[in-house]
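Overview (structure and organization)
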Amino acid sequence: MAKTKNTKSGKSAKSKVSFTDDDALHFHSTGKPGKIQISATKPLLTQRDLSLAYSPGVAVPCKAIHKDPSTAYQYTSKGNFIAVISNGTAVLGLGNLGALASKPVMEGKAVLFKRFADIDGIDLEVDAEDPQKFIDAVRYLGPSFGGINLEDIKAPDCFIIEQKLREVMDIPIFHDDQHGTAIITAAGLINAAHLTGRKLKDIKLVVLGAGSAGIACIELVKALGVRHENVLLIDREGVVYKGREKGMNQWKTAHAVDTKARTLADAMKGADAFYGLAGPGSVTQKMVASMAQNPIIFAMANPEPEIRPELIREVRDDAIIATGRSDYNNQVNNVLGFPYIFRGALDVHASTINEDMKIAAANALAELARQPVPDEVASAYGGRKMQFGPDYIIPVPFDPRLISTIPVAVAKAAMDSGVARKPIANFDKYRAELSARLNPTANTMNFAFQRAKENPKTMLFAEGEEEKVVRAAHQWVQGGYGKAILVGREEKVKEVMRRSGIKPGNELIEIRNAAKTQKDNDKYIDYMYSRLQRKGYLRRDCTRFIKNDRNFYATSLLALGDADAMITGLTRTFPITLRTVMKMIDARPNKRIFGLTMVLMRDKRTVFIADTAVDPTPSPENLANIAIQTAEKVRQMGEEPRVALLSFANFGNPLHQDTQRITDAVSILDSMKVDFEYEGEMAADVALNQELMELFPFCRLTGPANILVMPGLHSANISYKLLRELGGGTVIGPVLCGFEKPVQITQPNASVSAILNLAAIAAAEAENKPQESVRKPAKKATRKTSKKGRK
């Protein structure tokens, strides 16, 4: 989001915060405190490894760099390493908190660099408010980094610091609070001008806010062609006009113009465009009504804009509107800029980030918004129509095309303007390398949450008395993902809420139990009895279970439509919980129920393992079906499936009766003529290692497998748990697939985040699931007859 005076505070009375203070502190303190760590990129197992990594082997690259400094990019991490530096004088919307208190923000920024552009970053907090002392502390760090991102430094100090560091250092220096916002808003203005038939040189622009972002926005739009005399800057004292003395500095003076306007209201009359970089409620409907035809209004204060879009619409239905918020169209979000701008700058070893590179980034963003949007992006935003027009002038933050579009434009501009020290020779190859930097599945969870927000679902949490579950339910509701039903004793649940810092009484959180729903219990009992009466259960057994067992009670609610999806598993083992659920919920027609575990590897790959939850020894037919269903699921996540049916043997070596099921499954897939790559039987190392795979030239996989169909539950379950505990990657699941109604079972030690992840997946299943009928309870007459015959 655009960062302004109120940008990241999250404490507006009118804003909707999706977490409590305790949630935020728990997130930062759980496990290893903080959000970043350093991991070695080379093996350090043997004495030889250590000798190469340090003395004496390290002397060789040292001498090479001394001889040719440019080789530092070849022999060290410099080329993919940036520093995020602050003195904490303007932290979020909280003001001067000091260097130490800014550290969580700087760590967070480093994480965003990694998440969106695969750039390694380290946070540095400099305890110096004096600009010159800050400059002296930073200026000598150039040899360590490929670039420096300045953050949360108050104006006008930030202008002085950035300008001086750019003069004395030969690496990119970029103050995101200034230029990130400027670039995204410029992209929006380019497209809004195009839609309204305006030329940039003719636009009359009003900018409210003379801080770092406001000044940078003005400078960039003028570089794009907006005329100096057409821009009115407004600060706390009113319009910045020539001759004004109060509250002026050299940066404001540079943008002073001859005008009779003295107030914001004066400036807005007849204006074509407005940039809001100030605070909530600064703009009135009367001001908006006085603007020119088809006004362009970017109200970017966050979390509460200068004026709400719905208030604008009441007086101007011809306006093009952008905000800093994710719950409105056209979000001005800095994450669209800084990761990719640095990516392009680093990849050409740029000595600076100049005006040409910023303009190139803005134009590339504007052009991307005019292109057709991938289906997976549109579906993530609730199927919202994303087509170039007034409601879509800026790309959305999780568009996977950003990584292969913006850095290319920035790199080309660096080369054309003479600041690139390593020009790119083949841009087609470069685009492919950029796309490979990010794991397409990494967006899957964000897309799932975005879909839930666009299409809210009622989530049933069966273990509503557990603190983690209560927190997850609260975050589900506060995040705008839908309603929550907590199954448990009302006073106990409310007690847990109060202990967790959550105020009971939220109308979107319902507490249910058999005692509260006595009038409906008969239909739940009827449903359970209709399913289990021929499986050894008496009706009185079903009555006891509905009244006393939360999972039987919750699955009955789910089956009969009282909720869209269900989460359970925290208080009982996975197998016991699964057996209960399978008694109450059927598989979808022609589908198998199985467990799919996703492992997001550190090398940016995702490996999918199945079946990790249900079938101890799948038959050949079941193995084939698991492969088909998993391939379908993986394709939905944006990856092309490559399936390996695993064994301890490779293509008959050694021959063993235990491998026959796998070879038979491959034969079944052959006969079905499926539309994805598959191969087997093969060992895990061959399936995942391209070099080993090449020992078998007949292998049908074109690359390492991303789906591993395991021969049995023993191997599957052991494998994913080993990866989870030994740190092989981020493990999500098992995700249960194939149920007629969406149910997900957590691990007994699941975190709040893990519970929420499964809830989002369950909600997505509820959204995608075809309409299918549930088994109806037996008719009353039948029930009475059965009751008479079996007590």
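Residues numbered from 1 in each chain as written. Predicted model: local features only at pLDDT ≥ 70, side-chain atom pairs only at ≥ 80, totals over all residues. Heavy atoms only, no water.

Take the sheet that holds strand E11 (residues 459-461) next. Strand pairing in a sheet relies on backbone hydrogen bonds, with the paired strands running either antiparallel or parallel. With respect to topology, five strands assemble into an open sheet ordered E13-E12-E11-E14-E21, the strand pairing being parallel. Strands with a single pairing partner mark the edges of an open sheet, and in this sheet they are strand E13 (509-512) and strand E21 (743-745). In this sheet, adjacent strand axes meet at a mean angle of 20° when their direction is disregarded. Across the sheet, helix H24 (residues 550-559) lies against E11, strand E12 (484-487), E13, strand E14 (565-568) and E21, angled at about 165° from E14, the strand it touches most. (Pairing = 2+ DSSP bridges. Helix = DSSP H or I, 4+ residues; strand = E, 2+ residues; numbered from the N terminus. Axes fitted to C-alpha atoms, helices over the stretch in contact; angles between N-to-C directions. Contact = heavy atoms within 4.5 Å.)

On the surface, Ile718, Leu722 and Leu726 cluster together into a nonpolar patch covering about 330 Å² of accessible area. Here leucine 722 is to be found in helix H30 (residues 713-726). Overall, the relative accessible area of 46% leaves leucine 722 in the partly exposed class. (Patch = residues over 30% accessible without salt bridge, like charges linked within 9 Å, V, L, I, M, F, W, Y side chains within 5 Å. Areas by Shrake-Rupley, 256 points an atom, 1.4 Å probe, with all protein chains shown as cover. Salt bridge = Lys/Arg side-chain N within 4 Å of Asp/Glu carboxyl O. Buried < 20%, exposed > 50% of the residue type's maximum accessible area, 1.4 Å probe, protein only.)

A word on the nonpolar core. Among the nonpolar cores identified, the biggest contains 110 residues, and Ile148, Leu150, Ile183, Leu189, Tyr275 and Met357 are the most heavily contacted of them. Looking at which element gives the most residues to this core, the answer is helix H15 (residues 355-369), with 10 residues. Once residues within four sequence positions are removed from consideration, tyrosine 275 is found in contact with Thr185, Ala186, Leu189, Leu205, Val206, Val207, Leu208, Cys217, Val221, Phe298 and Met300. Counting 59 residues, the second largest nonpolar core, distinct from the first, contains Met445, Ala484, Ile502 and Leu756. (Core = buried A, V, L, I, M, F, W, Y, C linked by side-chain atoms within 4.5 Å.)

Moving on: the pattern of salt bridges. Applying the stated rule across the entire model yields 48 salt bridges. The partner of lysine 103 in a salt bridge is glutamate 107, and the shortest N-O contact between them spans 3.6 Å. With a gap of four residues between them, lysine 103 and glutamate 107 both fall in helix H5 (residues 103-117), about one helical turn apart. Residue lysine 103 is classed as partly exposed on the basis of its relative accessible area of 29%. Measuring nitrogen to oxygen at the nearest pair gives 3.4 Å for the salt bridge that ties arginine 471 to glutamate 467.

Taking 1.5 Å of rise per residue, 14 residues should cover 20 Å, and H30 covers 20 Å from first to last C-alpha, within 8% of that figure. When H30 is considered as a whole, its buried residues turn out to be Leu713, Ala716 and Tyr720. When H30 is viewed along its axis, its buried side chains cluster within an angular range of 75° and face the same direction. Turned more than 90 degrees away from the buried face of H30 sit His714, Ile718, Glu725 and Leu726, all of them exposed. (Expected span 1.5 Å × (residues − 1). Arc of directions from axis to C-beta.)

Another point: the packing of aromatic side chains. Enumeration according to the criterion identifies 17 aromatic pairs in this entry. For the pair phenylalanine 113 and phenylalanine 338, a centre-to-centre distance of 5.0 Å together with 65° between the ring planes defines the contact as edge-to-face. Taken together, the residues phenylalanine 113 in helix H5 and phenylalanine 338 in helix H14 (residues 338-347) connect sequence positions 225 residues apart. Given the relative accessible area of 3%, phenylalanine 338 is considered buried. Ring centres of phenylalanine 676 and tyrosine 678 lie 6.1 Å apart, and the angle between their planes is 70°; this geometry places the pair in the edge-to-face category. (Phe/Tyr/Trp six-rings, centres within 6.5 Å; stacked < 30°, edge-to-face > 60°.)

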